[in-house]
Amino acid sequence: MIFNYQDILDRALNGPYIKEEDWDLQKVAVTTAKLVQTHKLAWDPEEIVTNDPGLADAIFEAGLELAKEVGAYSRSTERIIEFSPRELEDGLERMLQTLVMGEGKDARTLFPRKVMDKRPPLVWAGNPGAPHPEELFLPSVMSWMQEPIVDMVTCGALIDVDGREVRTGDPIEIISARRELQYMRQALRRVGRPGMGMLAAQSSVSELGDLAVAHPDYLRPCDSHLVPMLNELKMDNRNIARAVNSLEYGMRNASLPCVIVGGLGGDAPGCAVVNVASFILSNLTCLADYHLCHPIHMRHIATSTRSVMWVQSIVEQAFARNAPCIIVSDIYPKSGAMTRELLYETAANAIAITVSGGHLEGCGSADGNAPNGTGLEARFMGEVGHAVTRQELSLKEANGLILRLLERYEDVFDRPEGNKGVRFDRAYDLRTLRPKPEWERMYDEVRQDVRKLGLEALA
Amino acid sequence: MVSEADYLERIKKTIIAGEAQAAPLATKEAIDAGVDPLTILNEGLMAGADVVGRRFQTGEFFLPELMLTGRALKAAMGVLEPKLKIVYANDPSTQADTGIVVIATVKTDIHDIGKNIVAAMLTASGFEVHDLGVDVPIKSIIAIAQEVGADIIGCSALLTTSMPFMRDLIDLLGAMGERQRFIVMVGGASVTPEFAERIGADGTAPNAVQAVQLARTLIHKARQGQGTDG
């Protein structure tokens, strides 16, 4: 039995040795392929939201088996962090059923959502990790913080501070992470929501920034930070340090396994199995208070691809049915601000997540790879999620709607140059912090269209 | 009687199936039967690798298949390489546009899937690839490149805040007077052709297939340049 996190550290130091390449191929890839075969797991690109409880259960079962059979891997020590079946099951039983984010009147309580839950998803707005020049950071985050539908917030990463380039691992990461939190706290006050919960410390990739902001002036204990799992089923000392850092301070840990569809798990079903295993293992390795569901498409990156939406949906259904826990699913569309496709991608993704049992986080517009995100698509994400529950959309109806939405945007994945749209400052008026008329017009048109396509409850 | 085509087909199948034990055996059988080493390379090993590359591009194959093919190819090349060296020594014009690549995710970045795919595709295309892993200090990348006589240094970074270390590597090569010795390719989700040009890299590619094409083109150019100079 695991009594404290030092047990994990001991196992990372003393577990069986294995070369990383052998872990990838022999442990993860081979075991996952075997489980996909024995459980007869398959997916249909025309059925992105599957109405097949048996499949969701089989995915969960296979994921649990994978976690039990292989464990996790410490890249720093090249050792396997082994867990007994009982320990993993104990971790599942202890997953939080309520989690308060933020404080005072702005606090919100996260909870495990059910499949076709009538309760609206909580709306976590922002483009986590998207690179931002310092001059754009404050207005960008305020653009989504000010949206009434938003419950919690996150942010991009600063790429420069005071004109200096931020480099991973350099002392300037300490400054950039603190500056980010200064801006976030200032922005929350300016929009009149000082107690709103945050997922932050995005401006430091190494553990330096995470350590630097564990202070009530910056990231409060009622906020959260990322504790990533690496691809696939791996930890390293940097990320273990993030978990350790939260032990005494008490901030919330968001596990983040970005499982790659087409990666070591193979196609979508294997990826879903790896994602389930990652959540199960991250209960212990990341000390997860909640889970971020963010599969990545091998070639297209975006979460709005068919296979990634399928993985998000089936993983959410698998946990909702077998081990209810708090899952917040990321929306990272291919397209960026001032494109209609961004809004269609956001709608499809939000429908799939909401009906399957997830909360919403986003949008990491333009693949989260540019400062091309705005508050408007975050608003739309929340509106679509709320409409799905108001309309009590079934899984089948949701799937039909998503297929129609895909017709509106799927061609973006074939565009060699992507569909990046424009930077925040070209989509918003920086003085008023309102969307520029053209962007607002696109939003109105797409909203009307989505309503006509079948989401009538969209206000 | 086993024909040359049968030998080549068997090699191709082992490469497509990613059989690291069977591929060198099939290669050795073909060598022992007197099949021309260049034919084994191009119509056996590379033909199999091309199939895998295409299937990966179309989404029929995934990363594990690519990695297994890389392993099989590496094992087979271990058997074939001594024979190829003799062929190349006798007639340098027969040498394919491949070479030695040192590849790494740069210092502070721990993301390796993109780099692994490129490494696997390069291996599967006949390059000798030294994959140094992730979070590799630029001095180590250069030192290994010098040690193994690399033609290409391939740097990868997913994180925007790790990309400056690619520039550092190129600057350091310049300061050491070694810039002309290596082709430097850079890659990663946020790396654009403009970035590559700005930092003085020789090129970047948006995906692994195009990275292999670029590597071949750059090697070809470099060898032509050497020929002209020489």
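Residues numbered from 1 in each chain as written. Chains lettered and ligands numbered in written order. Predicted model: local features only at pLDDT ≥ 70, side-chain atom pairs only at ≥ 80, totals over all residues. Heavy atoms only, no water.

Student: I would appreciate a short explanation of the overall build of chain A in the present structure.
Tutor: Of the regular secondary structure elements, chain A holds 15 helices and 21 strands. Relative to the 2.2 N^0.38 estimate, which gives 23 Å for 459 residues, the radius of gyration of chain A is 21 Å and therefore close to what a compact globule would have. Dimensions of chain A along its principal axes, counting C-alpha atoms only, are 60 × 50 × 45 Å. Counting every position in chain A, which comprises 459 residues, the buried fraction comes to 67%. Long-range contacts, defined as pairs at least 24 residues apart, comprise 79% of the intrachain contacts of chain A with a sequence gap of at least 6. For chain A, the accessible area works out to roughly 15,400 Å², and carbon and sulfur atoms hold 50% of it. In chain A, which carries 50 positive and 65 negative side-chain charges, the distance between the mean positions of the two groups comes to 4 Å. (Helix = DSSP H or I, 4+ residues; strand = E, 2+ residues; numbered from the N terminus. Rg over C-alpha atoms; globule rule 2.2 N^0.38 Å. Buried < 20%, exposed > 50% of the residue type's maximum accessible area, 1.4 Å probe, protein only. Contact = heavy atoms within 4.5 Å. Areas by Shrake-Rupley, 256 points an atom, 1.4 Å probe, with all protein chains shown as cover. Lys, Arg positive; Asp, Glu negative; His and termini not counted. Charge placed at Lys NZ, Arg CZ, Asp CG, Glu CD.)

Student: Please clarify how the sheet that holds strand E13 (residues 234–235) of chain A should be interpreted in this entry.
Tutor: All names here are of chain A. Taken together, the 3 strands give an open sheet; going across it, the order is E2-E1-E13, and neighbouring strands pair in mixed fashion. The sheet is open, and its two edges are formed by strand E2 (79–81) and E13, each paired on a single side. Two elements, strand E1 (residues 72–74) and E2, share 3 bridges in a ladder whose sense is antiparallel. Across the sheet, residue Tyr 73 finds its bridge partner in E2, namely Ile 80. Most of the contacts of helix H1 (residues 5–14) go to E2, to which it runs at about 150 degrees, and overall it touches E1, E2 and E13. (Pairing = 2+ DSSP bridges. Axes fitted to C-alpha atoms, helices over the stretch in contact; angles between N-to-C directions.)

Student: Can you walk me through the interface of chain B and chain A in this structure?
Tutor: How big an interface is tends to be stated in terms of the accessible area lost upon association of its parts. If you look at the interface, chain B gives 27 residues, while chain A gives 33 residues. Buried surface at the junction of chain B and chain A, both sides included, amounts to about 2,300 Å², of which 58% is carbon and sulfur. Ionic pairing is found between Arg 167 of chain B and Glu 165 of chain A, a salt bridge with its closest N-O pair at 3.0 Å. Our count for the contact surface shared by chain B and chain A stands at 14 residue pairs in polar contact (both at pLDDT 80 or more). Looking at the side of chain B that touches chain A, the elements that each hand over two or more residues are helix H3 (37–57), helix H4 (63–90), helix H5 (113–124) and helix H7 (164–175) of chain B. Broken down by element, the side of chain B that touches chain A gets its largest block of residues, 5 residues, from H4 of chain B. Residues belonging to the side of chain B that touches chain A are distributed by class as follows: 14 nonpolar, 8 polar and 5 charged. (Buried area = accessible area lost by both parts, 1.4 Å probe. Salt bridge = Lys/Arg side-chain N within 4 Å of Asp/Glu carboxyl O. Polar contact = N/O pair within 3.5 Å; in protein donor to acceptor, adjacent residues only side chain to side chain. Nonpolar A, V, L, I, M, F, W, Y, C, P; charged D, E, K, R; others polar.)

Student: Please explain the pattern of salt bridges as it appears in this structure.
Tutor: Where charged atoms from two side chains of opposite charge come close, those side chains can pair. Residues and elements named next belong to chain A. If you walk through the whole model with that rule in mind, you get 44 salt bridges over all chains. The shortest N-O distance in the salt bridge between Arg 75 and Glu 20 comes to 2.9 Å. Here Glu 20 lies in helix H2 (residues 20–38) and Arg 75 lies in the loop between E1 and E2, a separation of 55 residues in the sequence. In this structure, the salt-bridge partner of Asp 411 is Arg 415, at a minimum N-O distance of 2.8 Å. Exposure remark for Asp 411: the relative accessible area of 39% places this residue in the partly exposed category.

Student: Explain helix H6 (residues 138–148) of chain B to me, please; I cannot follow it from the model alone.
Tutor: One full turn of an α-helix is made of 3.6 residues, so residues set three or four places apart face in the same direction. Residue and element names in this part refer to chain B. Of the residues making up H6, those classed as buried are Ile 138, Ile 141, Ile 142 and Ala 145. The buried residues of H6 occupy an angular sector of 95 degrees when projected down its axis, which confines them to one face. Looking at H6, the residues exposed on the side facing more than 90 degrees away from the buried face are Lys 139 and Glu 147. Residues of H6 that are buried in the fold lie against strand E1 (100–105), strand E3 (152–156) and H7. Phi for Gly 149, located one or two positions after H6, is positive at around 70 degrees. (Arc of directions from axis to C-beta.)

Student: Just to check I follow, could you spell out the packing of helix H1 (residues 4–17) of chain B against H4 of chain B for this structure?
Tutor: Packed helix pairs are characterised by how far apart their axes lie and by the angle those axes make with each other. All names here are of chain B. Where H1 meets H4, the closest approach of the two axes is 7 Å, and the angle between their N-to-C directions is 140 degrees. With respect to their mutual orientation, H1 and H4 come out oblique. On the side of H1, the interface is formed by Thr 14, Ile 15 and Ile 16, while H4 contributes Thr 69, Ala 72 and Leu 73. The class makeup of the residues in the contact of H1 with H4 is 4 nonpolar, 2 polar and no charged. (Parallel < 35°, antiparallel > 145°, perpendicular 65-115°, else oblique.)

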